[in-house]
Amino acid sequence: MPDVAFLDLLGVLVVAALAPVVAAVLPGIRVPAVVLEFVLGVVVGPHALGWLEPDLVVQIVALLGLALLLFLAGLEVDLRAWRGPLMGRVVLGYAASVGIGWLVGLLLHGAGWVGDPLLLGVTLSATSLGLVVAVLKDAQLLDSELGRTTITAASFADLAGIVLLSVLFTADGRGTGSRLVLMVLFAVLIGLVAVTAAVSARQARLSDLVVMLQDTTAEIRVRAAVLLLVAFVVLAEKVGLESILGAFLAGVVVAALDRDATTHPHFRIKLEAVGFGFLVPVFFVTSGMRLDVSGLFDHPSDALRVPVFLLLLLVARGAPALLFRHRLGRDGVVAAGLLLATSLPFIVTATQVGLLTGRLPETTATALVCAGLCSVVLFPGLALSRVPAVEGAHT
């Protein structure tokens, strides 16, 4: 057996197990467990107490966690909702988010905060789809006008953000034109895979076999989903795109093929158990371990970046929610804007790309992630405080 140490992974798993327990027992404070996973990761990491290091084993598991997190986010995308007059406003709102972030990025570029203004615009353009879905589900708002509008806007923003990040900011040295050609090729290949899977699923004999094996130790649906996830990640890397795009689109394809869940009601629950029970928390804790928060306090101006980016996130993602006022009313727009401005996983991913490609200074990357943490802590609760007014206005 190779000489591989699992001690740091054990420590990360201890932190991951403690985080939701601490979040549940905090008196009067509703803090998402993901926030505590980040914070505890910072505390035990090499830039604070130094108890744990993100060694090779931890990094590999964290990378799998990121892939599965994006896959699960892709599962929340309902392409059937991407039609009608709402989509025009969603697309316009997303373009406004990128534009606002880019314009402010131009100003911050002059101050030395940002190396690439457009990267800042893309970084601030996405929403934590998985977290927003969980918040709306817990509040029993998934089927409300607020829930449908917010999820449609958030899912488009996540997909568009990942595509832009993959096409514009990869570190493979290819030009944008070459990457666009690769993107088209990638889309064609994914389409072929989706068509093949859809045709195969309609074969009665194969369908009966899948149903027979899905709840045995074979767990054939889970295995097939993981196979598709890894295949799409490898395919994205082979054509020179970011692996995160492959992971997200794998989830979108599975969601499109998995419309009728009557024969497999526990399929997504099993995937979430694997993801949120093991891999995803490792990614969040490890991301916290990599943050050098102490560096923000070396200079007073560095610490000021956090509230600046938090305000910018609220303006860039929240202001375009005004386009939905005719559907949601005033209180609904406020709630939707706050939910759409809730972002963390994509910010973490985008800042890592920015660091690898030299487009973001480390201090700015840390401040952006801290701003994302603040958005997760503050915005969902503020949004839900508007819900009674929203529901009263639309019942």
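Remember, it's a predicted structure, so these values are computed and weren't measured experimentally.

The rules behind the values
- Residues numbered from 1 in each chain as written.
- Predicted model: local features only at pLDDT ≥ 70, side-chain atom pairs only at ≥ 80, totals over all residues.
- Heavy atoms only, no water.
- Helix = DSSP H or I, 4+ residues; strand = E, 2+ residues; numbered from the N terminus.
- Buried < 20%, exposed > 50% of the residue type's maximum accessible area, 1.4 Å probe, protein only.
- Contact = heavy atoms within 4.5 Å.
- Areas by Shrake-Rupley, 256 points an atom, 1.4 Å probe, with all protein chains shown as cover.
- Core = buried A, V, L, I, M, F, W, Y, C linked by side-chain atoms within 4.5 Å.

Novice: Help me out: how do you make sense of the overall build of the protein in this one?
Specialist: The number of helices and strands found in the protein is 18 helices and 0 strands. Out of the 395 residues in the protein, the part that is buried amounts to 49%. For the protein, contacts bridging at least 24 residues in sequence account for 77% of all contacts bridging at least 6. When the accessible surface of the protein is totalled, it reaches about 18,200 Å², and 68% of it is carbon and sulfur.

Novice: Honestly, the nonpolar core in this entry has me stumped. Any pointers?
Specialist: One recurring pattern in soluble globular proteins: nonpolar side chains tend to sit buried together. By size, the foremost hydrophobic cluster in this structure holds 113 residues, and its most contacted members are F38, F71, F248 and F309. Considering every element that reaches this core, the biggest residue donor is helix α3 (residues 56–75), with 13 residues. With residues up to four places along the chain from it excluded, the contact list for F248 reads L70, A73, G74, V77, S155, D158, L159 and I162.

Novice: Can you walk me through the environment of F284 in this structure?
Specialist: In this fold, F284 is placed in helix α12 (residues 267–290). Judged by relative accessible area, F284 falls into the buried class, the value being 5%. Spatially, the C-alpha atom of F284 lies 8.5 Å from that of L66, the residues being 218 residues apart in sequence. Once residues lying within four places of it in the same chain are set aside, the contact partners of F284 are V34, E37, F38, L69 and P345.

Scope: geometric values only; no functional claims are made or implied.
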